[in-house]
Amino acid sequence: MKNLSPAPLHDPIASPRPGAHKEVKHTTCYMCACRCGIRVHLEDGKLRYIDGNPEHPLNQGVICAKGSSGIMKQYSPARLTQPLRRKPGSERGAGEFEAISWEEAFATLEQRLAEIRATDPKKFALYTGRDQMQALTGLFARQFGTPNYAAHGGFCSVNMAAGMIYTIGGSFWEFGGPDLDRAKLFIMIGTAEDHHSNPLKIAISKFKRAGGRFVSINPVRTGYSAVADEWVPIRPGTDGALLLAFIHELIRTGLYDRDFLVRYSNAGQLIHADEASDDFGLHVRDAAAPEVNAMYPQNKLWWDRLSDRPVATHTEGADPFLLGEFTLPDGEHKGSKVKPAFALLAERVRTCTPEWAEGITGIAADTIRRLAHEMGIAARDQKIELPIAWTDCWGKEHQTVTGNPVAFHAMRGLAAHSNGFQTIRALAILMSLLGTIDRPGGFRHKSPFPRAIPPSAKPPSSPAAIKPNTPLAGLPLGWPASPDDLFLDDAGQPVRLDKGFSWEHPLSVHGLMHNAITNAWRGDPYPIDTLMIFMANMAWNSTMNTSEVRKMLNDKGEDGQYRIPFLVVCDAFQSEMTAFADLVLPDTTYLERHDVMSMLDRPISEFDGPVDSVRVPVLPVTGDCKPFQEVLIELASRLKFPAFTKPDGARKFRDYPDFIVNFETEPGSGIGFLAGWRGADGSKFMKGEPNPRQWEMYAKNNCVFHHELPKSYQYMRNWNKGYMQWAQRTRLRRFAEPVLIQLWSEELQSFRSAAQGKRAGRRPPEHLRARIERWFDPLPFWSVPLEVQASDLQKYPLAAVTQRPMAMYHSWDSQNAWLRQIHAHNYLFVNPKTARAAGIADDGWIWVESQWGKVRCQCRYTEAVEPGTVWTWNAIGKAQGAWQLSDDANESRRGFLLNHLISEELPHGQGRVSNSDPITGQAGWYDVRVRIYPAAADEPAESWPQFAPMPDAPGVWGKARRTWQAFVAGRIDSEEKRA
């Protein structure tokens, strides 16, 4: 029979360039925060394509659109290639620069920073975006002596980290996640379509093929939610009410794991219940029992059901009451009323019925009851039992590990609200009631977690910690356990620029980067001299109130000088932010540098044990760029920081790779940035002296180190004696005490007691006492978000949220030539019913207005959003000329930025407070309320606001180069030469 199929025009397998030298190099992706292993394919030394590394434990060869398009980040026309200085006499924001040498740049910084450090170190502030080396940047700030350091977590998901770590000792994202290999029911709440990308896609795919049931609770059905078996649309900011209703139902129906709660949480521990007493809300302690470790005392009490008297917790043979009220029979508190923590939780949720939650969330009461019942039944009746023997921290031997196979995952949708901390506390408690913590099929920790509640690292507590030419006494960021740990001056006022760890935001464990520019501009609590920003587009999508913040960066005082005197920006690309810099330091791409994903910072650990990884250069550095890591090492050496120089002032480290190999947290500790191949010959792991061949050994092992724990250490790690002792030996933990789940939080109660005048020591100022008393509730509660309370809901009836698209990550990728073919501009997605009621057509131009500002954009109908919510993708809209896009690019003419509608501050009494969670300082990105209406027919069909086009910075490849990107990579250089 004749073959009718046409012959191929070419052999698709044959090399297009016979005889070319080909090689494959391994490194770690940085196109998002996932950090997958990649193979970089080179031809005659030129980048040809990137694919996933099948031997890497994280992504197992899977790669996404972002990862494979890293080639276009490398060849971006927006690449900065040399240090730049703002031209004398030019204005910030005009983007007028002159090229300078690195020596000039370093000399400028050395002179300026040395003077600040010798006089008032806190006048230097360092804020970094989504970098993956916060252990280094934090070390630099500490050695400088400034408290004014933070990374992007405060405007991303600090509520998730803090809310869970203060409750269960670990968190979603790098530090823990859902065990979908064994789960039967998976509940995802408030997770954007790009979060954890490839590993989560792999896990969900396997989970669904194995017959698991996937429920997504989200205002928007995109990304992961699109493949859920059930989508439950919810009004933004109301998740806490839903979770409390779930808890109500589990307690009402008895579908909670009592045995798990008794042994592994503080559910049975007695709490002082007399509200008039100064001890109200505190644990009842056995005064006769030794504390052993004063930071984490173990001398708490149960009320034993068998002997009907108080006994020490975990007394062999005792079984505590979880409900009821009791009277102490003797001792200092004789006659005092006490209740188990679980009883107080049950009282809290007694009125949190499904009907109550329906009116808040928009989810039918019957649906809430059904989902709660489904969770409880799955946890109770589909238990997993693994033949793994282990010993708990109280010496009891267990022959098996059991699990309740209900897994959850949640992220920024829960976190980015001013009520997010208590919402996430409710989620962690729900997971705990179901008995899912660090058990098969539930939530599992990843090293270096679990940690103590709260972790032992604390910020400084007095301005006396800040001294000229002296490292900061304590870490810039930490985990307060009580008001004694706040960073306050003698008058009780904030010491940090962002007011972190003050009475305004006591548990701001990631800082408040989103308030740094506003506070510095206002000089509140004091003016600063130099602001250094790394990889954060603070003049555009990484800031709230974007239009006004851009004005602040340009504003001058009465003396004619800029209110923020000196601004240093380090970035690889010409972003909106670089235009405002006084000094621009050109960073490399991830393919051109060494980098570490460290156990001291944000590793890529698996459930079965610690994993860290590195990047190694696979391409030469472009132009005159330097990795920011090298910049910090050089500055630290020039400024004679003790950790970076010898007693005679000579530098300790040749460069960043040398620093990573030889740095130890303490001299002789054996603890460094990397856990693999330690020791002089590389034979040790986790702990050991420096190994000069460490980078080489990582490179030979796909740039990753993976230590698999013994099976008996892989579960129940909060209470696993063997694991705790191992973690203490390897310095993952300071102490080996068990980490009990905190249904009732004594840490939160200590702040409330201070506000009520029941606690000796520090007390909040009068204008903040009611705020502290309300928000620092030891039990989770739901409250209307602060911005919603301050909004006219008749005028602004719609919730508006912004999230990253799956194919892009922050500003980095929305300038990428390949990814722009997926999204070149964004729309405001609106439910058709909502749009039609406002007289808005599909694809019509509309105005979106909040009480803070307005934007013009295009509407796009979608049924995949609940009717009271509108949403868009973030960071696609650009300023004209930014990122070397043409002035008429879709991103600037049709794309828009919702950030213009969101304020970083809210009115409070006679003043203003941060638009953030009062507990952690998490930015309330998702609390803004808006109205929408059609644009007039005679208005321009383009987005608004618009800004003056940015000129080309010296050394960038230029807008014309984008046409050459049609050529395959590897031919760009030759085509450029011919041009």
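Residues numbered from 1 in each chain as written. Predicted model: local features only at pLDDT ≥ 70, side-chain atom pairs only at ≥ 80, totals over all residues. Heavy atoms only, no water.

Participant: Teacher, can you tell me more about the pairing of strand β35 (residues 911-914) here?
Facilitator: As a general feature of sheets, a regular strand has side chains that alternate between the two faces. Strand direction decides the pairing type here: strand β34 (residues 905-908) and β35, joined by four bridges, are antiparallel. Directly across from His908, in β35, lies its bridge partner Gly911. Linking two consecutive strands that pair antiparallel, namely β34 and β35, is a turn of two residues; a positive phi of about 60° is found at Gly909 within it. (Pairing = 2+ DSSP bridges. Helix = DSSP H or I, 4+ residues; strand = E, 2+ residues; numbered from the N terminus.)

Participant: Hey, could you run me through the side chain of Gln815 in this one?
Facilitator: Its place among the elements puts Gln815 in the loop between α23 (810-813) and β30 (828-830). Engagement of the side chain of Gln815 in a polar contact is seen with the side chain of Ser76, the distance being 2.7 Å. (Polar contact = N/O pair within 3.5 Å; in protein donor to acceptor, adjacent residues only side chain to side chain.)

Participant: I tried to follow the state of the cysteines on my own but got confused; where do I start?
Facilitator: One covalent bond between the sulfur atoms of two cysteine residues makes up a disulfide. On inspection of all chains with the given rule, the structure shows zero disulfides. Left without a disulfide partner, Cys570 is nearest to the cysteine sulfur of Cys625, which lies 9.2 Å away. A relative accessible area of 1% places Cys570 in the buried class. Judged by its relative accessible area of 7%, Cys625 is buried. (Disulfide = S-S within 2.5 Å. Buried < 20%, exposed > 50% of the residue type's maximum accessible area, 1.4 Å probe, protein only.)

Participant: Just checking my understanding: could you explain unusual backbone geometry for this structure?
Facilitator: Note: most residues except glycine have negative phi, and most peptide bonds are trans. Cis geometry marks the peptide bond from Ser447 to Pro448, where omega comes out at 10°. In this fold, Pro448 is placed in the loop between β22 (443-445) and α14 (516-522). One non-glycine residue, Asp308, lies in positive phi territory at about 55°. Its location among the elements puts Asp308 in the loop between β13 (301-304) and β14 (309-312). The backbone phi angle of Phe501 is positive, close to 60°, even though this residue is not glycine. Phe501 gets classed as buried once you look at its relative accessible area, which sits at 0%.

Participant: What should I look at first to understand the nonpolar core in this one?
Facilitator: Nonpolar side chains tend toward joint burial in soluble globular proteins. Grouped together as the largest cluster of nonpolar side chains are 171 residues, with contacts concentrated most on Phe172, Phe246, Phe408, Phe644 and Phe659. Among all residues touching Phe644, those that are not within four sequence positions of it are Leu136, Leu139, Gln143, Ile633, Ala636, Ser637, Ala650, Arg651, Lys652, Phe653 and Phe659. Grouped together as the second largest cluster of nonpolar side chains are 79 residues, Leu531, Leu567, Leu828 and Ala923 included. (Core = buried A, V, L, I, M, F, W, Y, C linked by side-chain atoms within 4.5 Å. Contact = heavy atoms within 4.5 Å.)

Participant: Help me understand the side chain of Ser753 in this model?
Facilitator: Position of Ser753 relative to the elements: it lies in helix α20 (residues 746-755). Filtering out sequence-adjacent residues up to four positions away, Ser753 remains in contact with Phe280, Lys758 and Arg759.

Participant: Please explain the environment of Trp302 as it appears in this structure.
Facilitator: In this structure, Trp302 sits in strand β13. Trp302 gets classed as buried once you look at its relative accessible area, which sits at 3%. Remark: the alpha-carbon pair of Trp302 and Phe260, spanning 42 residues in sequence, is separated by 15 Å.

Participant: Before we go on, may I ask you to explain the packing of helix α7 (residues 239-253) against helix α9 (residues 341-349) in this structure?
Facilitator: Pairs of packed helices are described in terms of their axes, by the angle between the two and the distance that separates them. In contact at an axis separation of 9 Å, α7 and α9 are set at 115° when each is read in the N-to-C sense. The handedness of the crossing between α7 and α9 is left-handed. Contacts between α7 and α9 involve Leu244, Ile247, His248 and Ile251 from the first element and Phe342, Leu345, Ala346 and Val349 from the second. Considering only residue class, the contact of α7 with α9 consists of seven nonpolar, one polar and no charged. (Axes fitted to C-alpha atoms, helices over the stretch in contact; angles between N-to-C directions. Left-handed = near helix turned anticlockwise from the far one by under 90°. Nonpolar A, V, L, I, M, F, W, Y, C, P; charged D, E, K, R; others polar.)

Participant: Before we go on, may I ask you to explain the sheet that holds strand β29 (residues 798-803) in this structure?
Facilitator: The sheet built from six strands closes into a barrel, its strands ordered β29-β33-β30-β32-β31-β36 with mixed pairing. Strand-to-strand twist in this sheet, taken as the mean axis angle between neighbours without regard to direction, amounts to 45°. Taken together, the five bridges between β29 and strand β33 (residues 869-873) define a ladder with parallel strand orientation. Paired with Ala800 across the strands is Val870, a residue of β33.

Participant: Could you clarify how one ought to interpret the sheet that holds strand β26 (residues 595-597) in this entry?
Facilitator: Strands belonging to one sheet form pairs held by backbone hydrogen bonds; the direction of such a pair is parallel or antiparallel. In space, the three strands of this open sheet follow the order β26-β27-β28, with antiparallel pairing throughout. The open sheet has two edge strands with one neighbour each: β26 and β28 (704-706). On average, each strand axis in the sheet is tilted by 10° relative to the strand beside it, whichever way the strands run. Sheet topology note: the β26/strand β27 (residues 611-615) ladder contains three bridges and is antiparallel. Bridge pairing in β27 links Val596 to Val614.

Participant: I'm lost on helix α13 (residues 420-433) in this one. Help?
Facilitator: An ideal rise of 1.5 Å per residue puts 20 Å on 14 residues; α13 measures up with 20 Å between its terminal C-alpha atoms. With 14 of 14 residues buried, α13 is to be regarded as a mostly interior element. One or two residues past the end of α13 sits Gly435, with phi positive at roughly 75°. (Expected span 1.5 Å × (residues − 1).)

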